[in-house]
Amino acid sequence: MIDTHIHFWRYQANDYAWISDEMPMLKQDRLPEHIVPLAQDLGVVAGMAVQARCDVAENAFLLNLAKENQWIKGIVGWLDLRSGSLKDDLAQFEHEPLMKGFRHIVQDEPNPAAYWSDQLFRDGVKFIQKQGFVYDLLCHQKDLGAVVDFARAIDDNWLILDHLGKPEFGTTGAFDDWKSHLNQLAKLPHVAVKISGLVTECGAHCSVDDIRPYVATALDLFGDGRVLFGSDWSVCTLTHDYQKVFDLFCATTHHFRQPENPFTENAKKIYGIEWTD
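A short tour of the structure in this document, coming up. None of these values were measured; they are calculated from a predicted model.

1. Re the overall build of the chain
Part 1 of the argument: For the chain, the helix and strand inventory stands at 11 helices and eight strands.
Part 2 of the argument: Taken over the C-alpha trace, the chain has a radius of gyration of 17 Å; the compact-globule value for 277 residues is 19 Å, and the two agree within 12%.
Part 3 of the argument: Each of the three principal axes of the chain carries a C-alpha extent, and together these read 50 × 40 × 40 Å.
Part 4 of the argument: Within the chain, the proportion of its 277 residues that are buried is 57%.
Part 5 of the argument: Within the chain, residue pairs in contact and separated by at least 24 positions form 79% of the contacts whose partners lie at least 6 positions apart.
Part 6 of the argument: Put simply, the chain shows about 11,700 Å² of open surface, and 46% of that area lies on carbon and sulfur atoms.
Part 7 of the argument: Between the centroid of the 25 positive side chains of the chain and the centroid of its 40 negative side chains there is a distance of 3 Å.

This is the structure:
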């Protein structure tokens, strides 16, 4: 298995304003030495580091971690995709083999739906796609409609929906609404999804039965070629430790991983990871 969604940081309050006082367990350094040994023991042979702050300094930080830890096989970094200097900003990573893509925390924008339709932002994503980079989509379920419109227009390379679009658990009618939007995304061959982040959305009580319908829907709609595994560590520790997240994933995908496991090959294909066992 390749874990395609891991967050690392050296904690500084000013750098991670989204880590609130209700998240004391995240207010500490989260580095490869804190998770790689356990992941390897579980058979997770490699991981990808995903940005956790919207700052260009994030790129150098994550790239340095990856160069020091061969277990990290790729980076999803951050750039201001609406910047007039995007071409120059991106140039420094065009020949950096560990930089696989970029992401912005759109869900935290004052009006996420408007951000997804912003033409400067769309042009920026199309530009990085044309240079061979993928883009990770981060949103809450309420903005999936805007993400569908975005994905229909931005199709020059892979788009990857993080955390299955953060479905709303326990809300009447929410599952059908979420499934409808996921079905629309699945019809776009350049869109893939990560089975990740569900435990945080579901809560500390999250069980196999809680997430099984969402995982089953993703597998049914996206098939065996466009689904990825991501733990969302360190954020997942708000409700579950790494092993529990891994166990839940295995329990809900066991039938799908027989006789062969597609998730590692999907990670290599979609993120362009040039690596073999």
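2. Description of the sheet that holds strand β8 (residues 227–229)
Part 1 of the argument: Spatial ordering of the open sheet is given by β1-β2-β3-β4-β5-β6-β7-β8, a layout of eight strands whose pairing is parallel. The outermost strands of the open sheet, each flanked by one partner alone, are β1 (2–6) and β8. Going from strand to strand, the sheet's axes swing by 25° on average, the running direction of each strand aside.
Part 2 of the argument: Running at roughly 175° to strand β3 (residues 72–77), helix α2 (residues 57–68) makes contact with β2 (46–50), β3 and β4 (99–103) of the sheet.
Part 3 of the argument: Across the sheet, helix α9 (residues 208–222) touches β7 (191–195) and β8, and the angle it forms with β7 is around 155°.

3. Describing the pattern of salt bridges
Part 1 of the argument: Going through the model one piece at a time under the given rule, you end up with 14 salt bridges.
Part 2 of the argument: A salt bridge links D118 to R82; the shortest N-O distance between them is 3.8 Å. With D118 in the loop between α4 (112–117) and α5 (119–130) and R82 in the loop between β3 and α3 (86–91), this residue pair connects regions lying 36 residues apart in the sequence.
Part 3 of the argument: The residue E265 makes a salt bridge to K268 at a minimum N-O spacing of 3.5 Å. Residue E265 and its partner K268 are located together in helix α11 (residues 262–271), separated by three residues, close to a single helical turn.
Part 4 of the argument: Assessed through its relative accessible area of 13%, K268 is described here as buried.

Cut-offs and rules
Residues numbered from 1 in each chain as written. Predicted model: local features only at pLDDT ≥ 70, side-chain atom pairs only at ≥ 80, totals over all residues. Heavy atoms only, no water. Helix = DSSP H or I, 4+ residues; strand = E, 2+ residues; numbered from the N terminus. Rg over C-alpha atoms; globule rule 2.2 N^0.38 Å. Buried < 20%, exposed > 50% of the residue type's maximum accessible area, 1.4 Å probe, protein only. Contact = heavy atoms within 4.5 Å. Areas by Shrake-Rupley, 256 points an atom, 1.4 Å probe, with all protein chains shown as cover. Lys, Arg positive; Asp, Glu negative; His and termini not counted. Charge placed at Lys NZ, Arg CZ, Asp CG, Glu CD. Pairing = 2+ DSSP bridges. Axes fitted to C-alpha atoms, helices over the stretch in contact; angles between N-to-C directions. Salt bridge = Lys/Arg side-chain N within 4 Å of Asp/Glu carboxyl O.

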